[in-house]
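Architecture at a glance
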Amino acid sequence: MVWVLRSCIQSILKLVNSVIGMAGLAMILYSAWMIRVWQRQMGELPFAHDSDYPPPWFIYTFLGLGVTFCVITCSGHIAAETANGCCLYLYMLFVVLLLMVEAAVSVDVFLNRDWEKDFPKDSSGNFDQFKNFIKSNYEMCKWIGLSLVSVQGLSLLLSMILKALGPLQYYDSDDEYAPDRVPLLKNAPPPYVVVDPVYGHGPKNDAWIRRQEK
C-alpha cells in the first residue's frame, strides 16, 4: 500500500513539476524574442560589453527566471524519481526561495504606489510593453499567476509527503525477511549432529585426519 501511494505521489510531482518547466521554457522563448528585437533595432546583441546603450535588465531578468524555472524542474524530476532525502531537501529549498522572491515582488507592487521607481529604467522598452499587456489583460494574467503559485505550493507539499514516506526499498532475496522469522524459532531445540563413533576423539581419528591432509 505504501509502495502504491509513493508511486502515485512521484507521478503527480513529476506532472506538477512539468508545469513549472513549461513556464520556464515560455520565459526563455519570450527572452529570445526580446533579444532578437533588440538586435534588430540596435544592431548588436544585448550582451555586448562595449555597447553604447545601457543594459536591458528586463531581458536579463526574464531570461534568468526562465533558466531558474528549468533548473528547478530538472531537480524536481530527479528528486521525484529517486525519492532521495538530499535531492528532496534541495528541491524544496529552491521552491521556497522562489516563492519568497515572488511574494516580495507581489507585496512591493500591491502595497507600494511608487513601485516602478524601485526598478531601473529599461532601455529596451520591453518592461513598459509587458506592464501595459498585464494592465490590458489583468484577469487572465492574474489567474495565470495564481495558478503558477498554486502549482509551486502543491509541488512543495508533494515533496514533503514524499520525504515523509522515505525512499523505496528493494528486496533482492528472501534473506531480508529472515529477522521476522527468527523470533518464531526462539523456543526451538538446538540442532544436534550425529557423529560416527569411529571418527570421534582418539588415535584413530587423528590418523584419519593426517591421511586426509596428505
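Not measured: the values here are computed from a predicted model.

Some points on the overall build of the protein
Scanning the protein from N- to C-terminus turns up seven helices and zero strands. The helix and strand sequence of the protein, counted from the amino end, reads α-α-α-α-α-α-α. A burial count over the protein gives 27% of its 214 residues as buried. Of the contacts formed within the protein by residues at least 6 apart in sequence, a portion of 73% connects residues at least 24 apart.

What to know about the packing of aromatic side chains
Applying the stated criterion to the full structure yields nine aromatic pairs. Geometrically, the ring pair formed by Y30 and F62 is edge-to-face, given 5.2 Å between the ring centres and 70 degrees between the ring planes. Of this pair, Y30 sits in helix α1 (residues 2-42) while F62 sits in helix α2 (residues 57-82), and the two are 32 residues apart along the sequence. Taking the centre distance of 5.9 Å and the plane angle of 90 degrees together, the rings of W57 and F58 count as edge-to-face. With relative accessibility at 15%, the residue W57 sits in the buried group. Connected via pairs of aromatic rings, a cluster forms that spans Y30, W33, W57, F58, F62, F127 and F130.

Structural notes on the packing of α2 against helix α3 (residues 85-111)
Two elements in contact, α2 and α3, have axes separated by 8 Å at closest approach and are oriented at 145 degrees. Between α2 and α3 lies a crossing of left-handed hand. Contacts between α2 and α3 pair F69, I72, S75, G76, I78, A79 and T82 from the former with C87, L88, Y91, F94, V95, L98 and E102 from the latter. For the contact of α2 with α3, the residue count by class is ten nonpolar, three polar and one charged.

Observations regarding the pattern of salt bridges
Evaluation of the coordinates by the stated rule reveals three salt bridges. As a salt-bridge pair, K14 and E81 come within 2.3 Å of each other at their nearest N and O atoms. Placement of K14 in helix α1 and of E81 in helix α2 is noted, with a sequence separation of 67 residues between them. Classification of E81 as exposed rests on a relative accessible area of 51%. With a closest N to O distance of 3.4 Å, E139 and K142 form a salt bridge. Of this pair, E139 and K142 both sit in helix α5 (residues 138-165), three residues apart, which is roughly one turn of that helix. According to the relative accessible area criterion, E139 is partly exposed, its value standing at 45%.

Examining unusual backbone geometry
A positive phi is found at A83, a non-glycine position, where the angle reads about 55 degrees. Topologically, A83 is positioned in the loop between α2 and α3. Overall, the relative accessible area of 3% leaves A83 in the buried class.

Reading the values: the criteria
- Residues numbered from 1 in each chain as written.
- Predicted model: local features only at pLDDT ≥ 70, side-chain atom pairs only at ≥ 80, totals over all residues.
- Heavy atoms only, no water.
- Helix = DSSP H or I, 4+ residues; strand = E, 2+ residues; numbered from the N terminus.
- Buried < 20%, exposed > 50% of the residue type's maximum accessible area, 1.4 Å probe, protein only.
- Contact = heavy atoms within 4.5 Å.
- Phe/Tyr/Trp six-rings, centres within 6.5 Å; stacked < 30°, edge-to-face > 60°.
- Axes fitted to C-alpha atoms, helices over the stretch in contact; angles between N-to-C directions.
- Left-handed = near helix turned anticlockwise from the far one by under 90°.
- Nonpolar A, V, L, I, M, F, W, Y, C, P; charged D, E, K, R; others polar.
- Salt bridge = Lys/Arg side-chain N within 4 Å of Asp/Glu carboxyl O.

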